[in-house]
Amino acid sequence: MAKVALNFEDGVTHFIETAGNETIAEAAYRVGVNIPLDCADGACGTCKCLSKSGSFDSGDYIEEALSDEEAENGYGLACQMRPESDMIVDILASSVACKVEVTTYETEITELTFLSSEIVKLKTKIKDGSTITFLPGQYANILVPGSTETRSYSFSCLSDSDEMEFIIRLIPNTGLMSDYLRQAKVGETLSITGPVGSFYSREINRETLFFAGGTGIAPFIAMLEKLNKEENSQTIKLFYGATTAENIVELDRLKTYTNLTIENYPCVSNENCDAYPSGYVTQWINKEELSAAVYDIYICGPNTMVDAVKSSLEDNQIHYENFYTEKFIPTGMATI
């Protein structure tokens, strides 16, 4: 049996499990997920999809349905693909077209911890005891109590649990969710919908760079939790920028990941302090610090940070195979 994460074009992720010798299409239709399908014989190409992680038996098909070049680049036909491990697969259609509904969970707040004057850690527990499955790096939409508005926050915890955790920056004056969280109480109910998002960790099989801006640390904590559990042997360099020293959070937590090799590079941009270097994460993008032939790169932070990192990598001729981003524009934050 293999677990397959189906990622749809609108950012929704749905998990299925294959039983026995099932193809991805057979497993999907068994549980009511109507991915694109026509002939089911490997002849039309309608069910073409892209494997992002994992291995599979590609089955039988004709070249008109799937070219050799496409197969080399990770594409396959869902009607023929038989997973040989857990997989992540991009479905070339929307979740709506495939009749997939994102799950909404009624949860109870179990913890509200202020990590700084501006950052709160929110923990909730699913009331009916069910579990949520997501890819580390993905996010959920939380309904602001007393309104019809939702806000999106990355998970900062392990998947496959009845508990969820988020690290949230409180926005002054104009933040609807921020205003709620400042006075929220343990035991109150939150409606949380997910998982959503195309920013998630793939297989870590070479030296990898994580760039986090502010509460952009949250998805990386989820990734590192999973990698630590798996005892991954690759070196992770984490470059972590915040506006002030108090907003560098959860460093002690990172030290508990003893099954990983993590090199931490925190810095602050809006004050001078003894605890951390002043400046931006780009100060470490140079050949002296980054000497590997090639990296994989993940970055979560403001648009200005993403653009600055890209420019610095190019200017310093730091080579990478893959570059994954999650951009956001938090008010008043500069973490490049």
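Residues numbered from 1 in each chain as written. Predicted model: local features only at pLDDT ≥ 70, side-chain atom pairs only at ≥ 80, totals over all residues. Heavy atoms only, no water.

Chemist: Would you mind going over helix α3 (residues 176-183) with me for this structure?
Modeler: Think of an α-helix as 3.6 residues a turn; residues three or four steps apart then line up on the same face. All of the buried residues along α3 are Met 177, Ser 178, Tyr 180 and Leu 181. Along α3, the residues classed as buried sweep out an arc of 160 degrees about the axis, all on the same side. In this fold, the buried residues of α3 make contact with β8 (103-114), β9 (119-126), β10 (139-143), β11 (150-154), β12 (163-169) and β13 (189-196). (Buried < 20%, exposed > 50% of the residue type's maximum accessible area, 1.4 Å probe, protein only. Helix = DSSP H or I, 4+ residues; strand = E, 2+ residues; numbered from the N terminus. Arc of directions from axis to C-beta. Contact = heavy atoms within 4.5 Å.)

Chemist: For this particular structure, what's the right way to read the packing of aromatic side chains?
Modeler: Each aromatic ring pair is specified by the distance between its two centres and by the angle formed by the two planes. One pass over the structure, following the stated rule, counts 12 aromatic pairs. Centroid distance Phe 199 to Tyr 298: 6.2 Å. Interplanar angle 70 degrees. Geometry classified as edge-to-face. One end of the pair, Phe 199, is in the loop between β13 and β14 (208-213); the other, Tyr 298, is in strand β17 (residues 295-302), with 99 residues separating them in the sequence. Ring centres 4.8 Å apart and planes at 15 degrees place the aromatic pair Phe 211 and Phe 239 in the stacked group. Here the residue Phe 211 occupies a position in strand β14, and Phe 239 occupies one in strand β15 (residues 235-242), the gap between them amounting to 28 residues. When its relative accessible area of 0% is taken as the criterion, Phe 211 is described as buried. The positively charged end of Arg 202 is found above the aromatic ring belonging to Tyr 200, 3.7 Å away from the centroid. (Phe/Tyr/Trp six-rings, centres within 6.5 Å; stacked < 30°, edge-to-face > 60°. Lys NZ or Arg CZ within 6 Å of the ring centre and 35° of its normal.)

Chemist: Any chance you could explain the sheet that holds β10 here in plain terms?
Modeler: Through backbone hydrogen bonds, the strands of a sheet pair up, either in parallel or in antiparallel fashion. As summarised here, the arrangement of the 6 strands in space is β11-β10-β13-β8-β9-β12, forming an open sheet in which the pairing is antiparallel. Taken across any chain shown, the strands that pair with only one partner, and hence form the sheet edges, are β11 and β12. Averaged over all pairs of adjacent strands, the angle between their axes in this sheet comes to 40 degrees, without regard to strand direction. Of the strand pairs in this sheet, β9 and β12 are connected by 7 bridges, and their pairing is antiparallel. Each residue of the ladder has a partner; that of Thr 124, found in β12, is Met 164. (Pairing = 2+ DSSP bridges. Axes fitted to C-alpha atoms, helices over the stretch in contact; angles between N-to-C directions.)

Chemist: Please explain unusual backbone geometry as it appears in this structure.
Modeler: Omega for the peptide link from Gly 194 to Pro 195 comes to 5 degrees, which places this bond in the cis form. Turning to its location among the elements, Pro 195 is positioned in strand β13. Even without glycine at this site, Asp 160 takes up a positive phi of about 60 degrees. Although it is not a glycine, Gln 317 adopts a positive phi angle of roughly 55 degrees. As for its placement among the helices and strands, Gln 317 is situated in the loop between α6 (303-315) and β18 (320-328).

Chemist: What is the right way to look at the pattern of salt bridges in this model?
Modeler: A side chain of one charge can pair with a side chain of the opposite charge when the charged atoms of the two come close. Scanning the model with the defined rule gives 17 salt bridges in all. The residue Glu 165 makes a salt bridge to Lys 123 at a minimum N-O spacing of 3.8 Å. Here the residue Glu 165 occupies a position in strand β12, and Lys 123 occupies one in strand β9, the gap between them amounting to 42 residues. The class for Glu 165 is buried, based on a relative accessible area of 6%. Note on Lys 123: relative accessible area 26%, which makes it partly exposed. The salt bridge involving Asp 252 is made with Lys 255; its shortest N-O contact spans 3.8 Å. The exposure class of Asp 252 is exposed, given its relative accessible area of 58%. (Salt bridge = Lys/Arg side-chain N within 4 Å of Asp/Glu carboxyl O.)

Chemist: Explain the environment of Asp 160 to me, please; I cannot follow it from the model alone.
Modeler: Mapped onto the elements, Asp 160 comes out in the loop between β11 and β12. Measuring from C-alpha to C-alpha, the distance between Asp 160 and Ile 132 comes to 5.3 Å, with 28 residues separating the pair along the chain. Every residue in contact with Asp 160, bar those within four places of it in the chain, is listed here: Lys 3, Thr 131, Ile 132 and Thr 133. Among the polar contacts listed, one links the side chain of Asp 160 to the side chain of Thr 133, at a separation of 2.6 Å. (Polar contact = N/O pair within 3.5 Å; in protein donor to acceptor, adjacent residues only side chain to side chain.)

Chemist: What is the right way to read the sheet that holds strand β1 (residues 2-7) from this model?
Modeler: The mixed open sheet is built from 5 strands, whose spatial order is β2-β1-β7-β3-β5. In this open sheet, the two strands that pair with only one neighbour each are β2 (13-18) and β5 (75-77). If you compare each strand with its neighbour and ignore which way they point, the axes differ by 35 degrees on average. In this structure, strand β3 (residues 48-53) lies alongside strand β7 (residues 87-91), joined through 4 bridges in antiparallel fashion. Residue pairing across strands places Cys 49 opposite Ile 91, the latter belonging to β7.

Chemist: In this structure, what is going on with the environment of Val 89? I would like to understand it.
Modeler: Along the chain, Val 89 turns up in strand β7. By relative accessible area, which is 0% here, Val 89 ends up buried. Taking the C-alpha atoms as reference points, Val 89 and Ile 16, separated by 73 residues in sequence, lie 11 Å from one another.

Chemist: Explain helix α4 (residues 217-230) to me, please; I cannot follow it from the model alone.
Modeler: Helix length check: α4 (14 residues) gives 20 Å between terminal C-alpha atoms against 20 Å at 1.5 Å per residue, within 8%. Of all 14 residues in α4, 11 are buried, a share of seventy percent or more. Within α4, the full set of buried residues consists of Ile 217, Ala 218, Pro 219, Phe 220, Ile 221, Ala 222, Met 223, Leu 224, Glu 225, Leu 227 and Asn 228. After α4 finishes, the residue Glu 231 shows a positive phi value of roughly 55 degrees. (Expected span 1.5 Å × (residues − 1).)

Everything listed here is a matter of geometry and, on its own, says nothing about what the molecule does.
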